[in-house]
Each structure stands twice: as structure tokens, then as C-alpha cells.
Amino acid sequence: MSVPTIVLFLLSGLFLGWSLGANDAANVFGTAVGSRMIGFRTAAAVTAAFVMLGAVLEGDGATRTLESLGAVRSLSGSFVVALAAAVTVTLMTRAGLPVSTSQAIVGGILGWNLYHGSPIDEDALLRIVTGWAAGPILAGLLAAGLFLAVRAWARRSRIHILEWDAATRIALLVVGAFGAYSLGANNIANVVGVFVPVSPFHDFQIGPLAVDAARPLFLVGAAAIGVGIFTDSRRVMRTVGHDLFRLTPIAALVAVAAESVVLYLFASGALRARLIGAGLPAFPLVPISSSQVVIGAVLGIGLAKGRRGVRFGLLGKIAAGWAVTPLLAALLCFAALAALR
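Cut-offs and rules
Every chain's residues receive numbers from 1 upward, in the order its sequence appears when written. It should be noted that, the model being predicted, local features are given only for residues of pLDDT at least 70 and side-chain atom pairs only at 80 or more, the latter also being counted only at that level, while totals for whole chains, interfaces and linings use all residues. Neither water nor hydrogens contribute to the side-chain values; these are computed over all heavy atoms in the structure. We count a salt bridge whenever a side-chain nitrogen from Lys or Arg sits within 4 Å of a carboxyl oxygen from Asp or Glu. Think of it this way: any DSSP run of H or I at least four residues long counts as a helix, any run of E at least two long counts as a strand, and we number them from the N terminus. Note on exposure labels: buried denotes an accessible area under 20% of the residue type's maximum, exposed denotes more than 50%, and partly exposed covers the range between, all computed with a 1.4 Å probe on protein chains only. Under the convention used here, Asp and Glu are negative, Lys and Arg are positive, and both His and the chain ends fall outside the count. Contact between two residues is taken to exist if any of their heavy atoms lie within 4.5 Å; hydrogens are not considered. To estimate how far a helix should reach, multiply one less than its number of residues by 1.5 Å. To define a nonpolar core, start from buried Ala, Val, Leu, Ile, Met, Phe, Trp, Tyr and Cys residues and group those joined through side-chain atoms within 4.5 Å.

The next point concerns the pattern of salt bridges. For the structure on display, the rule yields two salt bridges. Note that Arg215 is salt-bridged to Asp60, the shortest N-O span being 2.9 Å. Remark: Asp60 occurs in helix 4 (residues 60-69) and Arg215 occurs in helix 9 (residues 214-232); sequence separation between them is 155 residues. Given a relative accessible area of 16%, Arg215 falls into the buried group. With a shortest N-O distance of 3.3 Å, Arg127 and Asp123 are connected by a salt bridge. Residue Arg127 and its partner Asp123 are both found in helix 7 (residues 122-156); the two are separated by four residues, about one turn of the helix.

Attention now moves to the side chain of Glu58. Following the sequence through the fold, Glu58 ends up in helix 3 (residues 40-58). Despite its burial, Glu58 pairs with no opposite charge, the nearest such side chain being Arg274 at 7.2 Å. Residues within four places of Glu58 in sequence aside, it is in contact with Tyr181, Ala185, Tyr264, Ala267, Ser268 and Gly269.

What follows deals with helix 6 (residues 101-116). Helix length check: helix 6 (16 residues) gives 23 Å between terminal C-alpha atoms against 22 Å at 1.5 Å per residue, within 8%. Summarising burial for helix 6: 13 of the 16 residues are buried, a large majority. In the stretch just after helix 6, Gly117 is the one whose phi turns positive, near 65°.

Among the nonpolar cores identified, the biggest contains 81 residues, and Phe29, Val81, Ile105, Val106, Ile188 and Ile301 are the most heavily contacted of them. The greatest single-element share of this core, amounting to ten residues, is contributed by helix 11 (residues 249-265). Counting five residues, the second largest nonpolar core, distinct from the first, contains Ile295, Leu315, Ile318 and Trp322.

Written out as C-alpha cells, the structure is:
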């Protein structure tokens, strides 16, 4: 297959990566930008850099689970699935809603399977859906607990307000970088996961380092995410970090910390192996919704503060977007396949 043809078929994956960057970057630094502790350009640069690191170093685990859901065994089919997901995410982004790219790509794969009558791995689907449900609940509980603990500690400390402000800004950058790394490790599966079984690249060697065929896909997909972050993520950052619930700097730090931990739990194969080796329960490696996770964290903080200021009407609108996303992606994929045939 010629290089122009390969690039053409990868365009939908790049479009999806751009859409994820435009939408899901809000889930890492939206709370910090919304609370005006960090500028948008700084947040975008840190997110883009660490998303790329996370994708290249630890993007395998969630990608394998997504592949088992229903592998698309042709490059043209992968193009259609990714395009349906990208269009869905873009439409939701234009509406200012932090939707789930994970749900969009899963919806696209299900649309492919339904059109071709292919079997769906029910175990993989159950693990993914369970991750969608567990992610925001875990983030909400973790964020509420952390917020109450940090608030109690802050009230007892005698740190000057200016020192506290400077320390919070640095902490937001550090935690945000970890969140971006976790986002890349977990959500790169959504961008290029459907292309991995039919990757146009080959394994190669760089000195003693062996590089598998999926790694260049992860790098290209992460670069597309970075472009999306810089060009079109400001609107959704405002929705997450300002409109749903107005966060203090401390609350913003707690929300990002809770989101980062939860995303990493569902992304890191190394952490999973350590937990299993220690006889502890481990989380499935599945692509979960960073949108749902961060909103779960924000809602947990709001409830910990006595529900004052939580805009439940907007929360309902966001939840409706989550419900529509996989259905719309599946419908678009099914319709596109029918039209192309």
C-alpha cells in the first residue's frame, strides 16, 4: 500500500485525535484554567507534552481490550469507525459538552459489528461499561475525601496566603502533568486502537531497543491530540472548570488529582501486575471516559461542600450527551458503511 493511501486512511484517526484533544483536554486542566490559577496556553502545552509520553509508553493495555471488543480487520473499515466517532465527538464539542471519546469509539465499533453481523465480545464490553460506571463514582468518592482532608489541614496550617497560592499553582501543574500522562495512556486506545490490528507500520529496532508496530501509531495519534488541545479546547474547559460548579483553587487541585489517579488505575499494566502480585484487587485495563471521571470528581467536591452551587440542570444536559454519544456513533458508522457499500 502506498504512503498517500496510508495517510488517507489514517486521516479519520487523526481527526478523532484532534477531537479528543479539543474535548478531553478540559478534563485535565479545565478546573485549573476555570479557577484562573493556570493560563490556557501553559495548560495546553503541558497537556500536549505529557499526553504524548503517556500514549507512547503505556498505551498498550486499554488498546488490547478495545481490540478484543471487535477487531476491524481492514484499514478502510478502521477509517469509517474512527470517522463516525470523530464526527460524534466534534458535534458534541461544538455544543460545549464534555462527552466521552471512549463511548464514541465503542459505539463506532458496535456499529461495525452490527452491520457485518460480527460477534461482540460480551466480556470485553462488560469490562468497558463497568469502567464507565465505576470511573466517575471512584473519582467522586476520592475527590470528596481528599477535599475534606485538604480543607481541614489548610484551616489548621499557618501558611501565608501568598505562599499557599504559589504552592497551589505548582501543585496544579504537577498533578495536571500526571493527569495528561494518564489521559494519553488510557485514551490513545480511542484514537488509534481500531488501526492497531491493521497497522501499516512494521516492528523495527533502534540499537538495543525493539519498537513494535503500534508505537508509531500511538505517537501520531498523540500528536493529533496535541493539535486539538491548542486549537479548540478552550470552550469545553470553561464548561468543566467554571459553568458546572465554580471551583476554588484547592478544589481544582483535588479534582485533577482524583481524575489522574482513576485514569491511571485503568491504564497502567505495570501497576495492575504489581497489585495482582501483591494479592490485591486490580482494575481492568479499559479506555474509560475522562469526561465522566472529572465531572464525577467535581460533583463529589460539590456534594462535600453541601451541594451548594452545583448546577444539576447542566449536569443533566451533560449526562444526556453521554447517553446519546455511543448511539449516535453506532448509527453514523452503520449508515456510512451502508452508503459506501
